[in-house]
Amino acid sequence: MQVRRLSTAKGRASHLWQGSPAACYSWSLPTPPEQPHKVVIDEPPPFLGAWRNVYIFVLCYLFVVILGFYLFSRAYAP
Amino acid sequence: MRPLDWIVMFGWLAFIVSYGLYRGRGSTTVNKYLLAGKTMPWYAMGLSIMATQASAITFISTTGQSYTDGMRFVQFYFGLPVAMVILCATAVPIFHRANVYTAYEYLEKRFDAKTRALVSAIFLIQRGLAAGLSLYAPAVVLSVILGWPDRLTTILMGALVVTYTSIGGIKAVTWADVQQMMLILCGLIIALVMAIHLLPPHISFSNAVSLAGAAGRLNAVNLHFDLNDRYNVWSGLIGGMFLALAYFGCDQSQVQRYLTGKSIAQSRLSLIFNAMAKIPMQFFILFIGAMVFVFFIFAQPPVLFQPVELRHIQSDPNFRAVEKRYEQAFAGRKDAAEKYLASQGAPQALSNYRDAQRELESAHAAGEQLVGKDFHDTNYIFLSFVTHYLPAGIVGLIIAVIFSAAMSSTSGEINSLATVTVIDIYRRHVNKQATDRHYLMASRFATVFWGAYAVVFAQFGKNFGALIEAVNIVGSLFYGGLLGVFVLAFFFKKVGANGAFCGVIAGEAAIFAANLFTKISFLWYNVVGCLVVIVVGVFVSRAFDRRTA
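Residues numbered from 1 in each chain as written. Chains lettered and ligands numbered in written order. Predicted model: local features only at pLDDT ≥ 70, side-chain atom pairs only at ≥ 80, totals over all residues.

1. Some points on the overall build of chain B
Inclusion rule: Secondary structure elements follow DSSP: runs of H or I of four or more residues count as helices, runs of E of two or more count as strands, with numbering from the N terminus. Put simply, the radius of gyration uses C-alpha atoms, and a globule should come to 2.2 Å times the residue count raised to 0.38. Each residue is classed by its C-beta neighbour count within 10 Å, where at least 20 other C-beta atoms makes it buried, 12 or fewer makes it exposed, and intermediate counts make it partly exposed; the C-beta atoms are placed from backbone geometry.
Assigned secondary structure in chain B consists of 22 helices and zero strands. For 549 residues, the compact-globule estimate of 2.2 N^0.38 gives 24 Å, and chain B sits close to it at 24 Å. Principal-axis analysis of the C-alpha atoms places the extent of chain B at approximately 80 × 50 × 45 Å. Within chain B, buried positions represent 60% of all 549 residues.

2. Notes on the overall build of chain A
Scanning chain A for helices and strands turns up one helix and two strands. Each helix and strand of chain A, placed in order from N terminus to C terminus, yields the pattern β-β-α. In chain A, which comprises 78 residues, the proportion classed as buried is 19%.

3. Let's talk about the nonpolar core
All names here are of chain B. Convention followed: By convention the nonpolar core is taken to be a set of buried residues drawn from Ala, Val, Leu, Ile, Met, Phe, Trp, Tyr and Cys and joined through C-beta atoms within 7 Å. We call two residues in contact if the C-beta atoms placed from their backbones are at most 7 Å apart.
Counting 212 residues, the largest nonpolar core has Met84, Phe95, Val292, Ile402, Leu482, Leu483 and Val485 as its most contacted members. By residue number, the principal contributor to this core is helix H13 (residues 264-298), which donates 20 residues. Apart from the residues within four sequence positions on either side, Phe95 is in contact with Val100, Ala103, Tyr106, Val255 and Leu259.

4. Concerning unusual backbone geometry
Residues and elements named next belong to chain B. Positioned with a positive phi, Ala36 is a non-glycine residue whose angle comes to about 55°. Positive phi, normally seen in glycine, also occurs at Lys38, with a value near 50°. Note on placement: Lys38 falls in the loop between helix H2 (30-35) and helix H3 (42-53).

5. Details of helix H15 (residues 319-342) of chain B
Residue and element names in this part refer to chain B. To be explicit about the condition: Under the convention used throughout, the expected extent of a helix is 1.5 Å for every residue step, that is, one less than its residue count.
Here H15 spans 34 Å end to end across 24 residues, near enough to the 34 Å set by a 1.5 Å rise per residue. Residues of H15 that are buried make contact with helix H10 (205-214), H13 and helix H16 (347-371). Taken from the residues just after H15, Gln344 is the one with a positive phi, measuring 55°.

6. Describing the packing of helix H9 (residues 150-197) of chain B against H13(B)
Residue and element names in this part refer to chain B. Note the threshold: Fitted lines through C-alpha atoms serve as axes, helices being fitted only where they are in contact, and the angles separating the N-to-C directions of these axes extend from 0 to 180 degrees. Comment on the angle field: the value is read as roughly parallel under 35 degrees, roughly antiparallel over 145, roughly perpendicular from 65 to 115, and oblique elsewhere. Left-handed describes a crossing in which the near helix is turned anticlockwise from the far one by less than a right angle; the clockwise case is right-handed. Note on residue categories: nonpolar means Ala, Val, Leu, Ile, Met, Phe, Trp, Tyr, Cys or Pro, charged means Asp, Glu, Lys or Arg, and polar means any other residue, Gly included.
Two numbers describe how H9 lies on H13: the axes approach to 9 Å, and their chain directions differ by 25°. What the angle tells us is that H9 and H13 run roughly parallel. Handedness of the crossing formed by H9 with H13: left-handed. Counting all contacts with H9, which are made through Leu188, Ala191, Leu192, Ala195 and Ile196, the residues of H13 involved are Phe284, Ile285, Phe287, Ile288, Met291, Val292 and Phe295. Counted by class, the contact of H9 with H13 contains twelve nonpolar, no polar and no charged residues.

7. Regarding the environment of Ser443(B)
Residue and element names in this part refer to chain B. Structurally, Ser443 can be placed in helix H19 (residues 436-464). The sequence separation of Ser443 and Leu34 amounts to 409 residues, and the corresponding C-alpha distance is 8.2 Å. Once you skip the residues sitting within four places of it in the chain, Ser443 turns out to touch Val30, Tyr33, Leu34, Ala418 and Val422.

8. Concerning helix H6 (residues 91-98) of chain B
Residues and elements named next belong to chain B. Most of H6 sits inside the fold, with eight of its eight residues counted as buried. Looking only at H6, the buried set comprises Ala91, Val92, Pro93, Ile94, Phe95, His96, Arg97 and Ala98. One or two residues past the end of H6 sits Asn99, with phi positive at roughly 55°.

9. Notes on the environment of Val532(B)
Residues and elements named next belong to chain B. On the secondary structure map, Val532 appears in helix H22 (residues 525-544). Accessibility expressed as a C-beta count within 10 Å gives 24 for Val532, which makes it buried. With 25 residues separating them along the chain, Val532 and Gly507 place their C-alpha atoms 5.0 Å apart.

10. A closer look at the confidence of the model for chain A
All names here are of chain A. Selection criterion: The quantity known as pLDDT measures the predictor's confidence residue by residue, on a range of 0 to 100.
In this model, chain A carries a mean pLDDT of 66, and residues with pLDDT of at least 70 account for 47%. Strand S1 (residues 5-7) is the least confidently modelled element of chain A, averaging 42 in pLDDT, while helix H1 (residues 51-75) averages 94, the highest of any element. Every residue in residues 1-15 scores below 50 in pLDDT, and together they form 17 contacts with partners more than four places removed in sequence or on other chains. Throughout residues 17-37 the model reports pLDDT below 50, and contacts reaching past four residues in sequence, or to other chains, amount to 45 contacts.

11. Re the packing of helix H8 (residues 113-146) of chain B against helix H18 (residues 394-430) of chain B
All names here are of chain B. Close contact between H8 and H18 brings their axes to 9 Å; oriented N to C, the two are set at 160°. With respect to each other, H8 and H18 are oriented roughly antiparallel. The crossing of H8 and H18 is left-handed. Residues Arg116, Ser120, Phe123, Leu124, Arg127, Gly128, Ala130, Ala131, Ser134, Leu135, Pro138 and Leu142 of H8 form the contact with H18, whose own contacting residues are Ile402, Ala406, Ser409, Thr410, Glu413, Ile414, Ser416, Leu417, Val420, Thr421, Asp424 and Ile425. Its residues assigned to classes, the contact of H8 with H18 comprises 13 nonpolar, seven polar and four charged.

12. Focus: the confidence of the model for chain B
Per-residue confidence for chain B gives a mean pLDDT of 87; residues scoring 70 or more make up 96%. Overall fold confidence (pTM) sits at 0.84, and the ipTM for the predicted complex is 0.86.

13. A closer look at the environment of Ser204(B)
With respect to the helices, strands and loops of the structure, Ser204(B) is situated in the loop between H9 and H10. Each C-alpha atom of the pair Ser204(B) and Ser166(B) lies 50 Å from the other, and the pair is 38 residues apart in sequence.

So this is what it looks like as structure tokens:
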């Protein structure tokens, strides 16, 4: 059984802005009341162990695809 | 179209509406209607994203483009996997945790209401125009092929889409998209198999690929960097990445698909699926066009693929001369192709084959000139092949594929337009305190409204002529600004609302200036717009925004 990690705003992507309202800007229309923060389950991927590995795999796949297309183009170039 | 084709086509259309209504049952709250109660699995979202992005014109035009220009268009998609990885790491978890219905709702949480309203308005203008075009453009082509008035085609498609989208909401849209995408994939495989199967017996698959390559139709990758060249590796990787970031990260018609996911992981998987499947699928579609090109080396194509215009020019006094030249050019190219294969690629035979190809293209262009200076029949090549050479039943299936592609794009568009209208405009600025049932009814009404709008816009499409091209350009004019404001939101913590608002306006001004005063390819507009939004946003924010503690 996979262990689920509860990830909140201070989780893995904490270096990114997660959405606290900036309510005091002079040009703003009135902002609605803040909604309670929702805890969202962030599961690991079903393969390769971590999302970082999945991303690296996709980029490697892209490299292989472009290389394959390039060789294909070269092979059948007039 | 034979009786079996009509049965297959209308049978499929009836099935897809019934299936959409069946899967969309139980959409009794706003959350279920607009976000499917966040219950969708990755494969449904992934196929729905793919179906929404793949319009009918994608299939009609892309195959024709490959026939006339080769496969270099595939490079347009090289930036997509990179964009998907970036979005999986940033936008997906942020939108999920922000618990929003729309991407623009997040902008109010991050900046303020005016920025949300500005970006929502940009989306409604841009996507509203595109929704009409999604119906009109394939309707024009289908009407010519089916012999129907184009009004009937747009009304039929619009009515079917509005029926299941307004009743079943996004659940109906997504599950109908899944079926439609499966049909599209089946139709494409059958089309490729038939194009190869219909070649003369002495032409092997290897021969066919050689002939396509020798004619420059397999030019999938070009490493030469040129800002004015629309398709090369660099414009695809950089410009294409920015375009994909904007489309999948800031366009509600795509964001809404992955907001319906059961979890962040499911949403990420749907994008990863697209990252891996999209390029091979486009390559496959382009390859079909290349094989259709080879098929027409041995089977004489008409002087024009557009049957109505062909009938018109047959009364032109110059037609006979053009037709004779075309027939001679066809015979010359066929002979040169046979000799090229027999010589196993000898340089002189290759040169003769390419000269014969150029002569045929010139003769075809002379036929197009009889219609008008700017007339091209590229969009009719694939459907001409389908309707004239494929067996009964398969023709109906391929026409159903084109209908499906148009309907899946339009359903996604009107669903997202309705969502932004209700959530970002109506609930935010008009009626803030109504019940959930009220907003559900408003969402259904907005869906019907945008569906009707798309149909009405499509009715007037042919009166504007160049508007279609203008609408395509309009789409590319807005994405850079949208992307820039989301980059500010995600990565520039110190940038405030005024900076973001001014940044979007400056970014849009820069894109319009680039469009009016330079010749750079439209793929670079997104890069220009995004960078200007960031620079101006940071500068204005430092000067005018009060910092939060």
